[in-house]
Amino acid sequence: MIKLKMGERFATLRNREIASLERRLFLRQGLSMGALSLLAGCNVTDEAGIENALRKISSWNDTVQAKLFDPKRLVEEYPASAIVRPFPFNAFYDEDGIPAVSAADFSLELAGLIRDRKPWSLAELYALPQVTQTTRHICVEGWSAVGQWTGAPLRHFLERVGADTSARYVGFKCADDYYTSIDMATALHPQTLMAFRQDGDVLPAPNGFPLKIRVPTKLGFKNPKHVRAIFVTNEYPGGYWEDQGYNWFAGL
Ligand SMILES: Nc1nc2c(c(=O)[nH]1)N[C@H]1C(S)=C(S)[C@@H](COP(=O)(O)O)O[C@H]1N2
Ligand SMILES: [Mo]
C-alpha cells in the first residue's frame, strides 16, 4: 500500500530547499526523498525527517544483517606474500595526531555486563594465548590491504572475564576519542582478535599501539585502534562514524 502524497509531504519546503536536500541525500545514500519516505514509511519533509528516516532504515538493515551473519563462516586468509608493506595508516586525523600511548602506564578498562572488571596491564594481556591471521582490511574510503595480525581471540577474553555473552553489544573506547561497537555474534567470531602485533612486530603506533580489535568480517572503521576500554551492554552504543550516518553493522 502506497500512501505517498508528494505534494502534501513536501509542501512545507520551498522547491530549492527540497532540491538541495534531495541532492545531498542521493549523494549519501543513492535515494530520492520519495524513495526514502516510501522505505521508511514516514514523513520526509526536512533535514530532521531525513535523518529520522535514514535511522529507521539503517536499524532495519542492522537487524536483517545481524540475522544473516553466519557466526562460523570464516573470511579468506592470504599467503604471507600478499601482505602490503608498509601497511597503510588511516584515522580521522593526520599522522601527527596519532596518540602516544605509554606501555608502562597502559591499562585496559572493563565495564558493563562483565563479572570480573579488574583492569588488565599490557604484560597480562601479552600472556594470553595468541593466534595469527593474514586477512584483508577494507576501508569504506576506497582502499584495501592484506595485513597480518597476532593476538588473543576476543571470544576467549570475554569468556575469561565473565562477560555476559547473551548481551547484544560489545563497545570499545580508544585513546584518541574514537569509539565503535559490534554485535555479540561478531565479537565471538573465531577471527575477531585483540591484536597486539602486526606483521611480526609489536603493533606500530600508527596502526593502533598497543591494542587494536581486528574484526576481519567488518569494514575498517569497525576495527578500533588504541583501545583503552571494552564494555558489554544491551544499550546501543553507536560509534564515531556510525553516529554520522555510516551503517552500524558494516560487515558480512
Ligand atoms: N582509534 C581509532 N581507530 C580507528 C580509526 C581511528 O580514527 N581511530 N579509524 C578507523 C578506520 S576508518 C580505518 S580504515 C582503520 C585504519 O587502520 P590502519 O591505520 O591500521 O590502516 O582504523 C579504524 N580504527
Ligand atoms: Mo576506514
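See the structure above.
In this report, we go over the structure that sits alongside the text. (Residues numbered from 1 in each chain as written. Chains lettered and ligands numbered in written order. Predicted model: local features only at pLDDT ≥ 70, side-chain atom pairs only at ≥ 80, totals over all residues. Heavy atoms only, no water.)

## Section: the layout of surface pockets
No. 1: Roughly 200 Å³ of volume is contained in the second largest pocket.
No. 2: If you go around the second largest pocket, you meet 16 residues; those closest to its centre are Pro86, Phe87, Asp199, Pro204 and Asn207.
No. 3: Put simply, the parts of the chain that give the lining of the second largest pocket at least two residues each are β4 (143-153) and β8 (201-202).
No. 4: Considering only residue class, the lining of the second largest pocket consists of 9 nonpolar, 4 polar and 3 charged. (1 Å grid on protein atoms, 1.4 Å probe; cavity = no way out; pocket = protein on both sides within 12 Å on 5 of 7 lines; lining within 4 Å. Points joined across faces, edges and corners; volume = space filled by probe spheres on them. Helix = DSSP H or I, 4+ residues; strand = E, 2+ residues; numbered from the N terminus. Nonpolar A, V, L, I, M, F, W, Y, C, P; charged D, E, K, R; others polar.)

## Focus on the sheet that holds strand β1 (residues 107-112)
No. 1: As summarised here, the arrangement of the 5 strands in space is β2-β1-β10-β5-β6, forming an open sheet in which the pairing is mixed. Every interior strand has two partners, whereas the edge strands, β2 (120-121) and β6 (179-183), have only one.
No. 2: Sheet topology note: the β1/β2 ladder contains 2 bridges and is antiparallel. The partner of Ser107 across the bridge, within β2, is Ser121. (Pairing = 2+ DSSP bridges.)

## Quick look at the side chain of Asn207
No. 1: With respect to the helices and strands, the residue Asn207 is situated in the loop between β8 and β9 (212-214).
No. 2: On the basis of relative accessible area, Asn207 is assigned to the buried category, the value being 9%.
No. 3: At a separation of 3.2 Å, a polar atom in the side chain of Asn207 contacts the main-chain carbonyl oxygen of Pro88.
No. 4: If we ignore the near neighbours within four places in the chain, the residues touching Asn207 are Phe87, Pro88, Phe89, Gln198, Lys212 and Lys225. (Buried < 20%, exposed > 50% of the residue type's maximum accessible area, 1.4 Å probe, protein only. Polar contact = N/O pair within 3.5 Å; in protein donor to acceptor, adjacent residues only side chain to side chain. Contact = heavy atoms within 4.5 Å.)

## A short note on the site of ligand 1
No. 1: For ligand 1, the set of nearby residues contains 21 residues, the closest of which are Pro88, Asn90, Asp176, Asn207 and Lys225.
No. 2: The separation between an oxygen atom of ligand 1 and a polar main-chain atom of Asn90 is 2.9 Å.
No. 3: A distance of 2.8 Å separates an oxygen atom of ligand 1 from a polar side-chain atom of Asn207.
No. 4: Protein contacts shield 99% of the accessible area of ligand 1, which totals 530 Å² for the unbound molecule.
No. 5: Most atoms of ligand 1, that is more than half of them, are within 2 Å of grid points of the largest cavity.
No. 6: Class assignment for the residues of the shell around ligand 1 results in 12 nonpolar, 6 polar and 3 charged. (Near = heavy atom within 4 Å. Areas by Shrake-Rupley, 256 points an atom, 1.4 Å probe, with all protein chains shown as cover. Sits in = over half its atoms within 2 Å of the grid points.)

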